[in-house]
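What the coordinates show
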Amino acid sequence: MYLLNARTQQLEPFSDLPPYAILSHAWQSGEAHRFHDIGTEGVRQQPGYDKVEACCALALRDGLDYVWVDTCCADANSTAAFDEALNSSYAWFQQAQVCYVYLHDVDSRERPDQEGSTFRQCKWFGRAWTLQELLAPRNVCFFAKDWKKIGTKAGLANVISSVTDIHIDALMHPERIPRFSVATRMSWAKGRKSSKPEDKVYALMGLFCVRLPIEYGQGETETFMKLQHEIMRITDDQSILAWCSAASASSPNTSSLLADSPDYFAECGDIHQIPHDRWLEYCTKHFNPTTNPRPGISLTCRGLQATLPVRSRRPGVLDALLACARGPGLWDGNKYVVNLDDADVVCVHLREPTLDAHHYERIDEDGPEVINTNNVQGFTLREVLLSAPQRLPTFPTPSHSTPLSYVYLVSGCFVALSIAFLVHRHCRP
């Protein structure tokens, strides 16, 4: 990792990092990566370099000798270095002593909490990369266009939460972020913009502690599909299926298993995962299972497999309960919990495409609904295989630099998605 010496404004490589400050900002016209220009005579005249100089001055004032600035410290000409920078950026912001946020369109004479203030409306809040740059650092200081300090993340937490719909606990207690459900964390990314569609997804990697190969040109949907696969490899959180497409209410058609975009989770900000031990206890009490329900969702070479409480909605269509619930969650010192004696559990709808298909497809009928735990009559536990019925994303030809490859198995009327390394892991003799 390279850091910029705040005194000499020269780049220095580090393996053991010294204390440093980090800059978050919205790029403006004319700004570009200048890794190879640092130390040259004309770099100070380049557009946006005044931000670098101001960041260095702030760091020195705060007793820090080094800074990290994306326009200076990331080598965009090196594929390996740029890949590492994007995959590591959440950790780099997390490890910084302080994050300075420069808001070029905010007036320091206004009160940030005023309705309609330039702070509430600034461009920075709508950036895809802002999510990790806001959440990862513990200490965040905001500066207006004249570089006057207008507040801190802690002091402005209520305002920021109202603008972004991010839970105030995530702003005040960054260590709790992994305890929020997948669906809730996804909801914080709704409506965000990036110059490249794939960056809307890459900006979420650190939020879910996953890594992806950085490849542009495949589009947001295909990249987001890969992200969700990686998330399912490391968590048993079924809320990843609690999304709702914007068109579902008017088009109750068969849909993909996984969401096309983080925007599909826009209404999931109050969904909490039900831990497997509590869900197992609840299912044992109410559904008399013959076997223990498996936690989470399993990726197999035929699709997604899960043990779900289901009941008939109409011939060929099932209601299926997920191990997650809507409503306020209470922090118990380790996780957010819901009262299962009176909880609104998320329910999705599944369709068996043919009588002998032995698999189900998800359908959108006004999106997921909720069913109170006092109204679960008729549900029984069933092992359910979920397959994708419609177009699935294409992926680049695997190469030595592509650690994940994706294979499509086509069978009759449906397409089942599998991942090459999962086929090797789960389907070998």
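All figures in this text were calculated on a predicted structure; none of them were measured in a lab.

Time to look at the nonpolar core. Tyr-100, Phe-119, Phe-142 and Leu-227 are the most contacted members of the largest nonpolar core, which totals 111 residues. With residues up to four places along the chain from it excluded, the contact list for Tyr-100 reads Ala-21, Ile-22, Leu-23, Ser-24, Cys-55, Leu-58, Ala-59, Asp-62, Cys-141 and Phe-143. Grouped together as the second largest cluster of nonpolar side chains are 17 residues, Ile-274, Phe-287, Val-338 and Val-376 included.

Right, let's get into the environment of Gly-48. Mapped onto the secondary structure, Gly-48 falls in the loop between strand E3 (20–25) and helix H1 (49–61). Classification of Gly-48 by relative accessible area gives buried; the value is 15%. The sequence separation of Gly-48 and Gly-30 amounts to 18 residues, and the corresponding C-alpha distance is 7.7 Å. Setting aside anything within four residues of it in sequence, one finds Gly-48 in contact with Glu-31 and Arg-34.

Attention shifts here to the pairing of strand E1 (residues 2–5). Pairing of E1 with strand E2 (residues 11–13) involves 3 bridges; the strand directions are antiparallel. Within the sheet, the bridge partner assigned to Leu-3 lies in E2 and is Glu-12. Connecting E1 to the antiparallel partner E2 that follows it, the hairpin turn spans 5 residues, and Gln-9 within it adopts a positive phi of roughly 55 degrees. As judged from the 2 bridges shared by E1 and strand E4 (residues 66–68), these two strands associate in the antiparallel manner. Within E4, the position partnered with Leu-4 by the bridge is Val-67.

Summarising burial for strand E11 (residues 317–326): 9 of the 10 residues are buried, a large majority. Sheet analysis places strand E8 (residues 271–273) next to E11, joined by 3 bridges and oriented antiparallel. Residue Gln-273 lies in a different strand from E11, and its bridge partner there is Cys-324. Across 4 bridges, the pairing between strand E10 (residues 303–314) and E11 is antiparallel. What sits directly across from Ser-312, in E11, is Leu-318. In this structure, the hairpin formed by E10 and E11 is closed by a connection of 2 residues, where Gly-316 is found at a positive phi of approximately 85 degrees. Alignment of E11 against strand E14 (residues 344–351), held across 7 bridges, turns out to be antiparallel.

Moving on, we get to the pattern of salt bridges. Scanning the model with the defined rule gives 22 salt bridges in all. Two residues, Arg-313 and Asp-319, come together in a salt bridge whose shortest N-O distance is 2.9 Å. Look at Arg-313 and you get partly exposed, because its relative accessible area is 36%.

Take the packing of aromatic side chains next. According to the stated counting rule, one finds 18 aromatic pairs in the structure shown. Each ring, one from Phe-180 and one from Tyr-336, has its centre 4.7 Å from the other, and the planes form 35 degrees; the classification is tilted. Linking Phe-180 in the loop between helix H7 (168–172) and helix H8 (182–187) with Tyr-336 in strand E13 (residues 336–337), this pair joins segments that are 156 residues apart in sequence. When the centroid spacing of 4.8 Å and the interplanar angle of 55 degrees are considered together, the rings of Trp-331 and Tyr-336 count as tilted. Members of the aromatic cluster, each reached through a chain of ring pairs, are Tyr-100, Tyr-102, Phe-143 and Trp-147. Looking at Lys-196, its charged tip hangs above the ring of Tyr-216, at a distance of 4.2 Å from the centre. Across from the ring centre of Trp-243, 3.8 Å away, lies the NZ or CZ of Arg-362, which sits over that ring.

Conventions we followed
Residues numbered from 1 in each chain as written. Predicted model: local features only at pLDDT ≥ 70, side-chain atom pairs only at ≥ 80, totals over all residues. Heavy atoms only, no water. Core = buried A, V, L, I, M, F, W, Y, C linked by side-chain atoms within 4.5 Å. Buried < 20%, exposed > 50% of the residue type's maximum accessible area, 1.4 Å probe, protein only. Contact = heavy atoms within 4.5 Å. Helix = DSSP H or I, 4+ residues; strand = E, 2+ residues; numbered from the N terminus. Pairing = 2+ DSSP bridges. Salt bridge = Lys/Arg side-chain N within 4 Å of Asp/Glu carboxyl O. Phe/Tyr/Trp six-rings, centres within 6.5 Å; stacked < 30°, edge-to-face > 60°. Lys NZ or Arg CZ within 6 Å of the ring centre and 35° of its normal.

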